[in-house]
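Topology and contacts: notes
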Amino acid sequence: MPTRPVDPELIAFVTDAGLAPAGAARVWTPLSGGVSSDIWRFDCAGRSLCIKRALGRLRVAADWTAPVGRSLYEWRWFETVNALFPGAVPQPVALDEPRGALAMAFLEPADHPLWKAQLLAGLVEPAFAAKVGSRLGQIHAATAGRADIAARFATDDIFHALRLDAYLLATAERRPEVAGPLRALVERTAATHLALVHGDVSPKNILAGPDGPVFLDAETAWYGDPAFDLAFCLNHLLLKRLVVPQVGDALAASFEALTEAYFAEADWEPRAGLEARAASLLPGLLLARVDGKSPVEYLTREDQKDRVRAAAAPLLLAPVGTLVEVLQAWLTKP
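Residues numbered from 1 in each chain as written. Predicted model: local features only at pLDDT ≥ 70, side-chain atom pairs only at ≥ 80, totals over all residues. Heavy atoms only, no water.

Let's shift gears to helix H12 (residues 323-332). If you check which residues of H12 are buried, you get Leu323, Val326, Leu327 and Trp330. All buried residues of H12 fall inside an arc of 100 degrees around its axis, so they share one side. The inward-facing, buried residues of H12 abut helix H8 (226-239), helix H9 (248-265), helix H10 (271-291) and helix H11 (302-317). (Buried < 20%, exposed > 50% of the residue type's maximum accessible area, 1.4 Å probe, protein only. Helix = DSSP H or I, 4+ residues; strand = E, 2+ residues; numbered from the N terminus. Arc of directions from axis to C-beta. Contact = heavy atoms within 4.5 Å.)

This brings us to the nonpolar core. In terms of nonpolar packing, the biggest core is built from 88 residues, with Trp77, Trp115, Leu168, Leu258 and Leu323 touching the most fellow members. Counting 15 residues, the second largest nonpolar core, distinct from the first, contains Val14, Phe42, Cys44 and Ala94. (Core = buried A, V, L, I, M, F, W, Y, C linked by side-chain atoms within 4.5 Å.)

Enumeration according to the criterion identifies 27 salt bridges in this entry. The partner of Arg99 in a salt bridge is Asp96, with the nearest N and O atoms 2.7 Å apart. The pair Arg99 / Asp96 is uniform in exposure class, with both members buried. Connected via shared salt-bridge partners are Lys52, Glu74, Arg163, Asp200, Lys204, Asp217 and Glu219. (Salt bridge = Lys/Arg side-chain N within 4 Å of Asp/Glu carboxyl O.)

With that settled, the discussion passes to the side chain of His198. The topology assignment puts His198 in the loop between strand E6 (195-197) and strand E7 (206-209). In this view, His198 contacts Trp77, Leu216, Asp217, Ala218, Thr220, Ala221 and Asp229; residues no more than four positions away in its chain are not counted.

Further remarks concern the side chain of Thr192. Inspection of the secondary structure assignment puts Thr192 in the loop between helix H7 (179-190) and E6. Among the polar contacts listed, one links the side chain of Thr192 to the backbone oxygen of Arg188, at a separation of 2.7 Å. The residues contacting Thr192, other than those within four sequence positions of it, are Trp222, Gly224, Asp225 and Arg277. (Polar contact = N/O pair within 3.5 Å; in protein donor to acceptor, adjacent residues only side chain to side chain.)

Further remarks concern the environment of Phe128. Position of Phe128 among the secondary structure elements: in helix H4 (residues 126-143). When its relative accessible area of 9% is taken as the criterion, Phe128 is described as buried. For Phe128 and Ala166, which are 38 residues apart along the polypeptide, the C-alpha to C-alpha distance reads 30 Å. Setting aside residues up to four positions removed in sequence, Phe128 forms contacts with Trp115, Ile206, Leu207, Ala208, Gly212 and Pro213.

Turning next to the packing of H10 against H11. The description of two helices packed together rests on the angle between their axes and the distance between the axes. Where H10 meets H11, the axes come as close as 9 Å, and the angle between the chain directions of the two elements is 150 degrees. By the angle class used here, H10 and H11 are roughly antiparallel. Here the hand of the crossing between H10 and H11 comes out left-handed. Contacts between H10 and H11 involve Ser280, Pro283, Gly284, Leu286, Leu287, Val290 and Asp291 from the first element and Lys305, Val308, Arg309, Ala312, Leu315 and Leu316 from the second. Looking at side-chain class alone, the contact of H10 with H11 contains eight nonpolar, two polar and three charged residues. (Axes fitted to C-alpha atoms, helices over the stretch in contact; angles between N-to-C directions. Parallel < 35°, antiparallel > 145°, perpendicular 65-115°, else oblique. Left-handed = near helix turned anticlockwise from the far one by under 90°. Nonpolar A, V, L, I, M, F, W, Y, C, P; charged D, E, K, R; others polar.)

See the structure below:
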């Protein structure tokens, strides 16, 4: 029996979608995940699926709500990327838009370990980081300048609620000394529409599959600024150094490997402008993970949080143009 009750809407979803044949035994196993969805492993008739439903109020201390219709756009992101790069996402299986529920193939952890768990355990492979950067760049390149894809991901309101407001504007409210630069980042990012953005490219949403990275949790999918995805992912490689300092050199090497692999695929605009946007977003996202609505759970000590603040604030007030400059500032800050 599951340790928490299964939402009746999810039970109805698997029945209506034909995922549970009449009379077949059903096994629901709760999965840990992010703060924005109810997620289960569902086993029935010899098949394992991941079933999820978007929450209207996210599981964080702050008051954070978001439109539940985002499940449709997560489904569309999986469909789009699966068509372009099969294997880069779990196979999408079924969507119930009114219920905000979707089903996808369940990937066994033994063959698809979570990248976040590996990093926090000190298992850091720059070669895998390069694969993440390469695939992310390929997704952006394949969708850049596509009016048809832009029309299917006009999700500015969802992205604003889940990312720009919850991360950057919430941080601006708590850190008035850098509020101006943070609000400017929000205005610029919101006005930039170049490629299909995942919006949550974090190690917690990337599996280290046998054939390369597998991306999960695309609830914040948006046709916007690809620099956001790049900065969002690199941010976590910096933050992990505070909890696994013994692999700090490998994390720095992973940062550089991911960056260079990404730009090897980024052919839709000159590197200088794209990199400058990512480099200016990165310190804002660093600060947001200690002072925004969704702080990272593994930075528990105040001295760790102060370390982030001390590194991020000067970079917000005096932005640099390259990502390696952000890395160097992070590595040299006492």
